[in-house]
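One-letter residues, chain by chain:
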Amino acid sequence: MEVTSCHAYKINDSRGDETLEVEMFAGEFSAKASVPSGKSTGSREAVALSADEAIKNVNEVVAPQLVGREVNFSEIDKFLLELDGTENKSELGANAILGLSIAVLKLEAKIEGQPLWQYIQSLGCSTSKDSGDNSIRFPRLFANVLNGGTHADFRLPFQEYMFVLGNGLNVAGPVEQLKVLFEQLGKKLKKNGKEIKMGDEGGFSFKSDNIEEPFDILSELHNKLALDVAGGEFFENGKYRIFDKEYSSGELLEIYENLVKKFPIVSIEDPFSENDFNGFKQVMEKTGEIVLIVGDDLTTTNVKMIEKTIEEKMINAVLIKPNQIGTVTETLEAIQMTHKAGLKTIISHRSGETEDSFIADLAVGVGAYGIKAGAISQLERMTKYDRLIEIEKEVGKC
Ligand code: PGA
Ligand code: ZN
């Protein structure tokens, strides 16, 4: 079937910032996709243009050349990459490209009559495929509950404090557990007299001048914690600045070693700034046996960086954000490379999210180890959790 029409228009994301939604038609079939945006971005990410520019590019540059093409996401991704012609997608905009790329994949799945996760699974990036195991894996929830860093005016030093829930076998149960824990956490913070605000990803934020305090509170409620430090956000002139004190990379490493000894931390994302390669190597050496060291701004869903950082033993898990790279094809290549190297993937939303639940289908389709979808408080995050639960039901029917 061929694309019969395609257009983009403006919507608002969870921060109230403008972004684009793309709608694509093929005969009686249609699909929509919208694009999130990050705030603590890595410098190696593909370039997003303003919503106006991206929309103009979709409607005036791409759409006229797209109509009449076969609905085939990998062919259309190739066409988009050629049309853009830049390394960082700055001509059409990575946001314009991703909206189109996801929309065509969704359209293709609909035409094939398959749920999106199942269609993605058939493309063959899953870990279970390699082992000949056809069972469906559900991602563990890396669920944001406390927001700090640039997502909450540095009221807490690190960007995200998460509960990790689930064991890969189901998802509705862990989502229920998360709801209960999130409510308990809110009550606990109030009881402790904290003035609570809400961070960008819907988690609580409170003012603290003690690195250990958030972990004290969280570990009383749950025994698997994860952290996204977003180390580049407080890195200035070769030093890491926390509560007006400066730490060298080695001193920050000691902080992590102590935190890991004292609290049930199972995963640390971006513990250092994106170019502090030695920091990553050191933390892997000291804690990599027991903790996931996850690359995000370090790796930016880019196969070249993923290959380098795996080879140089800087990480043992990779965060995957489709809008860091710009097409579904490249996102799947990044996932495949990570899984082939025997490492884990965590599929992630962005801090400025839309109601598009694509990442839920992606996470199940590729058998990702985890998903980061935010706190269970904002609609834009809930749509991902709701979709995971829906997928669990669809799996039951297959
Ligand atoms: P961002 O934050 O979307 O603002 O980059 C999310 C993350 O760092 O994982
Ligand atoms: Zn991150």
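Criteria and cut-off values
- Residues numbered from 1 in each chain as written.
- Chains lettered and ligands numbered in written order.
- Predicted model: local features only at pLDDT ≥ 70, side-chain atom pairs only at ≥ 80, totals over all residues.
- Heavy atoms only, no water.
- Helix = DSSP H or I, 4+ residues; strand = E, 2+ residues; numbered from the N terminus.
- Rg over C-alpha atoms; globule rule 2.2 N^0.38 Å.
- Buried < 20%, exposed > 50% of the residue type's maximum accessible area, 1.4 Å probe, protein only.
- Contact = heavy atoms within 4.5 Å.
- Areas by Shrake-Rupley, 256 points an atom, 1.4 Å probe, with all protein chains shown as cover.
- Pairing = 2+ DSSP bridges.
- Axes fitted to C-alpha atoms, helices over the stretch in contact; angles between N-to-C directions.
- Donors = N, O, S within 2.8 Å, 3.2 Å for Na, K, Ca; no water.
- Domains from an automatic or database assignment.
- Buried area = accessible area lost by both parts, 1.4 Å probe.
- Salt bridge = Lys/Arg side-chain N within 4 Å of Asp/Glu carboxyl O.
- Near = heavy atom within 4 Å.
- Polar contact = N/O pair within 3.5 Å; in protein donor to acceptor, adjacent residues only side chain to side chain.
- 1 Å grid on protein atoms, 1.4 Å probe; cavity = no way out; pocket = protein on both sides within 12 Å on 5 of 7 lines; lining within 4 Å.
- Sits in = over half its atoms within 2 Å of the grid points.

When helices and strands are counted, the protein shows 14 helices and 16 strands. Taking 398 residues into account, the globule formula puts the C-alpha radius of gyration at 21 Å, and the protein, at 20 Å, falls close to it. Along the first, second and third principal axes, the C-alpha atoms of the protein reach 60 × 45 × 40 Å. Going through the 398 residues of the protein one by one, you find that 58% of them count as buried. Restricting to contacts in the protein with at least 6 residues of sequence separation, those with at least 24 account for 70%. Of the roughly 15,700 Å² of accessible surface on the protein, 46% is carried by carbon and sulfur atoms.

The 3 strands are arranged E1-E2-E3 in an open sheet whose pairing can be described as antiparallel. Either end of the sheet is taken by a strand with one partner, and the two such strands are strand E1 (5-12) and strand E3 (29-34). Recorded for the sheet is a direction-independent mean angle of 20 degrees between the axes of neighbouring strands. Across 6 bridges, strand E2 (residues 18-26) lies against E3 in antiparallel orientation. Of the residues in E3, the one forming a bridge with Met24 is Ala31.

Take the coordination of the zinc ion (ligand 2) next. Here the zinc ion (ligand 2) is held by Asp228 (OD), Glu269 (OE) and Asp296 (OD), and the distances to it run 2.0 to 2.2 Å. Spacing between the donor residues of the zinc ion (ligand 2) along the chain follows D-x40-E-x26-D. One end of the pair, Asp228, is in strand E8 (residues 225-228); the other, Asp296, is in the loop between strand E13 (292-295) and helix H10 (303-311), with 68 residues separating them in the sequence. Here Asp228 and Asp296 have matching classes, each one buried.

Along its sequence, the protein is carved into domain 1 (5-113) and domain 2 (127-397). The gap between the C-alpha centroids of domain 1 and domain 2 is 26 Å. Taken together, the contact pairs 33 residues of domain 1 with 34 residues of domain 2. Here domain 1 and domain 2 share an interface that buries about 2,700 Å² over both sides, 48% of which is from carbon and sulfur atoms. Looking at the side of domain 1 facing domain 2, the largest losses of area belong to Ser14, Ser40 and Arg44, adding up to 26% of the total buried there. We note a salt bridge from Asp356 to Lys106, for which the minimum N-O separation is 3.0 Å.

What follows covers the site of ligand 1. As a structural note, the neighbourhood of ligand 1 is formed by 15 residues, with Lys39, His151, Arg350, Ser351 and Lys372 the closest of them. With respect to ligand 1, the side chain of His151 contributes an N or O atom lying 2.8 Å from an oxygen atom. Here Arg350 contributes a side-chain N or O atom positioned 2.7 Å from an oxygen atom of ligand 1. Protein chains shield 100% of the accessible area of ligand 1, which is 280 Å² for the free molecule. The pocket occupied by ligand 1, as judged from atoms lying within 2 Å of grid points, is the second largest cavity.

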